[in-house]
Amino acid sequence: MLFRSSPTYALAYLNRSHLYLKQGRISEAINDLDKCLKMNPSEAEAYFLRGNIYLNLHRYEEAEKDYSKAIELNPAHYQAYNNRGGLYSKLGNLKGAENDFAKAYELSPEEPETFFNQGIILNKQGRTSEAIDTYSRAIEINPSFLRAYYNRGLLYYSQNRLTEAESDFTKSIELDPTFSSAFRKRGDIYLDQGRNKEALGDYNKALDLVPANSAVLNNRAIIMEKLGFYKEALKDYSLAIKHKPNYFIAYNNRGNLLSDLGQDRKSTRLNSSHVSQS
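The rules behind each value
- Here, residues in each chain are numbered from 1, in the same order as that chain's written sequence.
- Per-residue local features of the predicted model are confined to residues with pLDDT of at least 70, and side-chain atom pairs are confined, for both listing and counting, to 80 or more; whole-chain, interface and lining totals are unaffected and use all residues.
- For the side-chain quantities, the full set of heavy atoms in the structure was used; hydrogens and water were omitted.
- Secondary structure elements follow DSSP: runs of H or I of four or more residues count as helices, runs of E of two or more count as strands, with numbering from the N terminus.
- Think of it in three bands: with a 1.4 Å probe and only protein chains considered, a residue is buried below 20% of the maximum accessible area for its type, exposed above 50%, and partly exposed in between.
- The contact rule is simple, with two residues in contact once any of their heavy atoms fall within 4.5 Å.
- Per-residue accessibility takes into account occlusion by the displayed protein chains alone, with areas from the Shrake-Rupley method and a 1.4 Å probe.
- Asp and Glu are treated as the negative residues and Lys and Arg as the positive ones, with His and the ends of the chain left uncounted.
- Here the site of a charge means atom NZ of a Lys, CZ of an Arg, CG of an Asp or CD of a Glu.
- Here, axes are lines fitted to C-alpha atoms. For helices the fit covers the stretch in contact, and angles between N-to-C directions go from 0 to 180 degrees.
- Should an angle lie under 35 degrees it is considered roughly parallel, over 145 roughly antiparallel, and from 65 to 115 roughly perpendicular; all remaining angles are considered oblique.
- Note on convention: the crossing is left-handed when the near helix lies turned anticlockwise from the far helix by less than a right angle, right-handed when the turn is clockwise.
- Each residue receives one of three labels: charged for Asp, Glu, Lys and Arg, nonpolar for Ala, Val, Leu, Ile, Met, Phe, Trp, Tyr, Cys and Pro, and polar for the others, Gly being one of them.
- In this analysis, the expected span of each helix is defined as 1.5 Å times one less than the number of residues it contains.
- The way it works is a 1 Å grid over only the protein atoms, where trapped points that fit a 1.4 Å probe form a cavity and open points with protein on both sides within 12 Å along at least five of seven lines form a pocket, and then any residue with an atom within 4 Å of a point lines it.
- Grid points are joined across faces, edges and corners, and a volume is the space filled by probe spheres set on the points.
- Only one rule defines a salt bridge in this text: a Lys or Arg side-chain nitrogen within 4 Å of an Asp or Glu carboxyl oxygen.
- Buried Ala, Val, Leu, Ile, Met, Phe, Trp, Tyr and Cys residues that are joined via side-chain atoms within 4.5 Å together make up what is termed a nonpolar core.
- Within 6.5 Å between ring centres, the rings of Phe, Tyr and Trp (the latter by its six-membered ring) count as paired, and their orientation is classed by plane angle as stacked under 30 degrees, edge-to-face over 60, tilted in between.

A. Up close: the overall build of the protein. Broken down by element type, the protein carries 15 helices and zero strands. Counting only C-alpha atoms and orienting by the principal axes, one finds that the protein spans roughly 85 × 40 × 30 Å. Counting over 278 residues, the protein shows a buried share of 44%. Look at the contacts in the protein between residues 6 or more apart in sequence, and 47% of them connect residues 24 or more apart. Surface accessibility of the protein: about 14600 Å² in total, with carbon and sulfur atoms responsible for 49%. Here the protein holds 37 positive side-chain charges and 34 negative ones, and the gap between their average locations is 6 Å.

B. Quick peek at the environment of leucine 107. For leucine 107, the location among the structural elements is in helix α6 (residues 94-107). Given the relative accessible area of 30%, leucine 107 is considered partly exposed. Taking the C-alpha atoms as reference points, leucine 107 and serine 17, separated by 90 residues in sequence, lie 26 Å from one another. Apart from the residues lying within four places of it in its own chain, the contact partners of leucine 107 are Pro75, Ala76, His77, Tyr78 and Tyr81.

C. Quick look at the packing of helix α11 (residues 180-192) against helix α12 (residues 196-209). At their nearest, the axes of α11 and α12 sit 8 Å apart, and the two run at 160° to each other. Considered as vectors, α11 and α12 are oriented roughly antiparallel to each other. Helix-helix and strand crossings are classified by hand; for α11 and α12 the assignment is left-handed. Taken together, the residues of α12 that come into contact with α11 (itself represented by Ser180, Phe183, Arg184, Arg186, Gly187, Asp188, Tyr190 and Leu191) are Glu198, Ala199, Asp202, Tyr203, Lys205, Ala206 and Leu209. For the contact of α11 with α12, the residue count by class is seven nonpolar, two polar and six charged.

D. View of helix α2 (residues 26-39). With 14 residues, α2 extends 20 Å from end C-alpha to end C-alpha; this agrees with the ideal 20 Å at 1.5 Å per step. Turning to α2, its buried residues number three or more, namely Ala29, Ile30, Asp32, Leu33, Cys36, Leu37 and Met39.

E. Expanded view of the layout of surface pockets. By volume, the largest pocket amounts to about 370 Å³. In this structure, the largest pocket is lined by 20 residues; those nearest its centre are Asn82, Asn83, Gly86, Glu113 and Asn117. Those elements that provide at least two residues to the lining of the largest pocket are α3 (44-56), α5 (78-91) and α7 (112-124). Of the residues forming the lining of the largest pocket, the biggest block, eight residues, is contributed by α5. Partitioning the lining of the largest pocket into residue classes produces seven nonpolar, eight polar and five charged.

F. The pattern of salt bridges, seen in detail. Counted according to the given criterion, the structure contains 23 salt bridges. Between glutamate 62 and arginine 59 there is a salt bridge, with its nearest N and O atoms 2.8 Å apart. Owing to a relative accessible area of 32%, glutamate 62 belongs among the partly exposed residues under this scheme. Given the relative accessible area of 33%, arginine 59 is considered partly exposed. With a shortest N-O distance of 3.1 Å, glutamate 140 and arginine 137 are connected by a salt bridge. Here glutamate 140 pairs with arginine 137, and both are found in helix α8 (residues 128-141), just three residues apart, close to one helical turn.

G. Region of the structure containing the nonpolar core. With 46 residues, the main nonpolar core has Ala148, Ala199, Tyr203, Ile223, Ala233 and Leu257 as its most contacted residues. Element by element, the count of residues in this core is highest for helix α13 (residues 214-227), at seven residues. If we skip the residues at most four places from it in the chain, isoleucine 223 touches Leu191, Asn196, Ala199, Leu200 and Tyr203. If you look at the next biggest cluster of nonpolar residues, it comprises 25 residues, including Leu14, Cys36, Tyr47 and Ala80.

H. Here's a closer look at the packing of aromatic side chains. Applying the stated criterion to the full structure yields six aromatic pairs. A ring pair is formed by tyrosine 105 and phenylalanine 115, whose centres lie 5.3 Å apart and whose planes are at 75°; its orientation type is edge-to-face. One end of the pair, tyrosine 105, is in helix α6; the other, phenylalanine 115, is in helix α7, and 10 residues separate them in sequence. On the basis of relative accessible area, tyrosine 105 is assigned to the partly exposed category, the value being 36%. In this structure phenylalanine 115 comes out as buried when scored by relative accessible area, which is 8%. With centroids separated by 5.6 Å and ring planes inclined at 55°, the aromatic side chains of tyrosine 150 and phenylalanine 169 adopt a geometry described as tilted.

I. Broad picture of α8. When the terminal C-alpha atoms of α8 are compared, their 20 Å separation across 14 residues agrees well with the 20 Å that a helix rising 1.5 Å per residue should span. Of the residues making up α8, those classed as buried are Ala131, Ile132, Thr134, Tyr135, Ser136, Ala138 and Ile139.

Here you go:
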């Protein structure tokens, strides 16, 4: 028998569960955590880790129970408060989430993840300016906090603060050059500003990373229209619809373009290489 039934050997199961998790062997990790808790029901970290697994598996009720048990056994476990708060936020329990994030902050006031999660709640409550300040605090603590830059950029964009939003999306790309959403959102800014060539470059990069993104295909088609590449625009609208059959905007845009082209059949619009001056 590899491990004996005692709190000392329970730790071995706990440690092995970490290794299984790193290897993506989820069922085996859960099995080891179950054994750990059978041997030592007071091991808060085992409840916390199992709660994380259940959260990722969308087994939310079990995740909540495990986080709560971890907190009961270790009231100073700020990560358990933080993760349970994230779960409450996902389930729409904003008050519960706010309380848990406040407790996590009380226990670990310099933890950037706590500020990040508070920012999510503030945004859901419509407190956009406070959310921006909270994301900024997370970035002050951790200047490489990718998700905080991206979320703050989204809020700047919602406030039409395009220069600040562009800066945050650019920083997100610097931190992770494979972050397709940041390329997409920066492309949206360029599209809004009429910077068509720059928008096209970002949309191309976003589609290199995630080829089936209908929203990016639709927006790239808009740019193609602006630049006069009508065949390419029609192709992108059709691809957007293929990937998202109920995408009304792409149907509407394609229909308008086909209508325009049908009214001007004698023109050379389909072969145009016109480039917008914007």
